[in-house]
Amino acid sequence: RFTTLLYTIKFEPRSMMIFLLFSIMSVLVTFSRATMESALTFQVPARKEQCFYQDVKQDDEVELDFQVVDGGDLDIDFQAFDSELRRVAMNKRESYGSHQFTVKVSGVYKFCFSNKFSKLTSKTVFMDVYLDDGVYTEDKDVVEEASMESGISVLNKQVDNIKSYLFKTQVQLQLSKAQRNKDQKIQTSNMVRVDRWSLVQCVFMALMATVQVYLLKKLFKEDKSTKRQSAKI
């Protein structure tokens, strides 16, 4: 069983290699657990809330990670609700969050990101959702042959574990990319602030130098005029 969120994954070259390896291994195994992973980078405007919905079944394992990569103080409010609108996870004005939980009631889960506390600044958020229902799908024609070789079942379970680790590795790669983008934007913002402050200081110093030169010239002119008047007297 595969479910799909309303967005797609943008693969990096390294992530694409992992995805291709996972695809090949999925074809080789007969038994595999139905898993789903989706990632999204989106923007939450100031004073707004954005929610996403995911259809899940009882006993599904859900892992969700998010990180604020741009905007303001890099913080946001997060809440997750089950199908009965009971809150199962929450973060208050944090830049990063990671949650794992087992679905107790089948239905639609809701994940909400709120930027209502921010009056002017929008936030850019990276989110990754991993879903594992733990149910093995079987091919009937191959089951009869596999039943005669118990070793195949053990191998399938090992490969399934590897596939799970590959999913988690991809999540870490995407989180690392989001962290790198956030650090780069912070660095760029700091450089812009330093440049602006340096420009202000240069303008101020030039203005002060101009004022000082003007005052000195005026002082010497007054001294000369005073001397001429005293000489005439």
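All of these numbers come straight from a predicted model, not from anything done at the bench. Note that residues are indexed from 1 along each chain, following the sequence as it is written. Reporting in this predicted model follows two pLDDT cut-offs: at least 70 for local features of residues, and 80 or more for side-chain atom pairs to be given and counted; totals over whole chains, interfaces and linings ignore these cut-offs and use all residues. Calculation of side-chain values draws on the structure's entire complement of heavy atoms; hydrogens and water are dropped beforehand.

Asker: Would you mind showing me how to read the overall build of the chain here?
Answerer: A count of helical and extended segments in the chain gives three helices and eight strands. Going from the N terminus to the C terminus, the chain shows its helices and strands as α-β-β-β-β-β-β-β-β-α-α. Burial status across the chain gives 35% buried among its 233 residues. Only heavy atoms enter the contact rule, under which two residues are in contact if any of them lie within 4.5 Å. At a minimum sequence separation of 6, the contacts of the chain that also span at least 24 residues come to 82%. Roughly 15600 Å² of accessible area belongs to the chain as shown, and the carbon and sulfur atoms make up 57% of that amount. Numbering of helices and strands runs from the N terminus, with a helix taken as a DSSP run of H or I at least four residues long and a strand as a DSSP run of E at least two residues long. Residue burial is assigned from relative accessible area. The probe radius is 1.4 Å, only protein chains are included, and a residue is buried under 20% of its type maximum, exposed over 50%, and partly exposed in between. For accessible areas, the Shrake-Rupley method is used with a probe of radius 1.4 Å. Any residue's cover is judged against the shown protein chains and nothing else.

Asker: Please explain the environment of Asp75 as it appears in this structure.
Answerer: Here Asp75 shows up in the loop between strand 3 (61-70) and strand 4 (76-81). Placed 18 residues apart in sequence, Asp75 and Arg93 show a C-alpha to C-alpha distance of 4.8 Å. Contact partners of Asp75, with chain neighbours within four places excluded, come to Val68, Arg93, Glu94, Ser95, Phe117 and Lys123.

Asker: Got a minute to help me understand the state of the cysteines in this structure?
Answerer: In a disulfide, the sulfur atoms of two cysteines are held together by a covalent bond. Our working definition of a disulfide is a cysteine sulfur pair at a distance within 2.5 Å. In this structure the tally under the stated criterion is one disulfide. Disulfide pairing is shown between Cys51 and Cys112; the S-S distance is 2.1 Å. Judged by the sign of its S-S torsion, about 110°, the cystine formed by Cys51 and Cys112 is right-handed. In this pair, Cys51 sits in strand 2 (residues 49-56) while Cys112 sits in strand 7 (residues 107-114), placing the two residues 61 residues apart along the sequence. With a relative accessible area of 24%, Cys51 lands in the partly exposed category. Assessed through its relative accessible area of 4%, Cys112 is described here as buried.

Asker: What exactly am I supposed to notice about the packing of aromatic side chains here?
Answerer: Two measures describe an aromatic ring pair: the distance that separates the ring centres and the angle between the ring planes. Two aromatic rings, drawn from Phe, Tyr or Trp (for Trp, its six-membered ring), form a pair once their centres lie within 6.5 Å of each other, and the interplanar angle then sorts them: stacked below 30 degrees, edge-to-face above 60, tilted otherwise. What the rule picks out here adds up to seven aromatic pairs. Ring centres 5.8 Å apart and planes at 15° place the aromatic pair Phe101 and Tyr109 in the stacked group. No difference in accessibility class separates Phe101 from Tyr109, as the two residues are buried. Joined through ring pairs, the aromatic side chains of Phe42, Phe52, Phe66, Phe78 and Phe113 make up one cluster. If you follow Lys110 out to its NZ or CZ, it ends over the ring of Phe81, 5.3 Å from the centre. Two conditions define a charge sitting above a ring: the NZ of Lys or the CZ of Arg must be within 6 Å of the ring centre, and it must be within 35 degrees of the ring normal.

Asker: Can you help me understand the pairing of strand 6 (residues 96-102) in this one?
Answerer: On a regular strand, each side chain points to the face opposite its neighbour's, so the side chains alternate between the two faces of the sheet. Residues Gly97, His99 and Phe101 of strand 6 are buried on one face, while the alternating residues Tyr96, Ser98, Gln100 and Thr102, pointing to the opposite face, are not. As paired strands, strand 3 and strand 6 are joined by seven bridges and run antiparallel to one another. Paired with Glu61 across the strands is Thr102, a residue of strand 6. DSSP calls a pair of strands paired once it identifies at least 2 bridges connecting them.

Asker: Honestly, the sheet that holds strand 7 in this entry has me stumped. Any pointers?
Answerer: Remark on secondary structure: sheet strands pair via backbone hydrogen bonds, oriented parallel or antiparallel. The four strands lie next to each other as 2-7-4-5, forming an open sheet whose pairing is antiparallel. Both outer strands of the open sheet, strand 2 and strand 5 (87-94), are each paired with one neighbouring strand and no more. Taken pair by pair, the neighbouring strands of this sheet meet at an average axis angle of 10°, ignoring direction. With five bridges connecting them, strand 4 and strand 5 associate as antiparallel partners. Residue Gln79 lies in a different strand from strand 5, and its bridge partner there is Met90. Each axis is a line fitted through C-alpha atoms, and for a helix only the stretch in contact is used; angles between axes span 0 to 180 degrees, taken between their N-to-C directions.

Asker: Would you take a moment to explain the pattern of salt bridges for this structure?
Answerer: Where charged atoms of side chains with opposite charge meet at close range, the side chains can pair. Any carboxyl oxygen of Asp or Glu within 4 Å of a side-chain nitrogen of Lys or Arg constitutes a salt bridge here. In this structure the tally under the stated criterion is five salt bridges. In this structure, Arg93 and Asp75 form a salt bridge, with 3.4 Å as the shortest nitrogen-oxygen distance. With Arg93 in strand 5 and Asp75 in the loop between strand 3 and strand 4, the pair connects residues that are 18 residues apart, well separated along the chain. Residue classification places Arg93 among the partly exposed residues on the basis of a relative accessible area of 44%.

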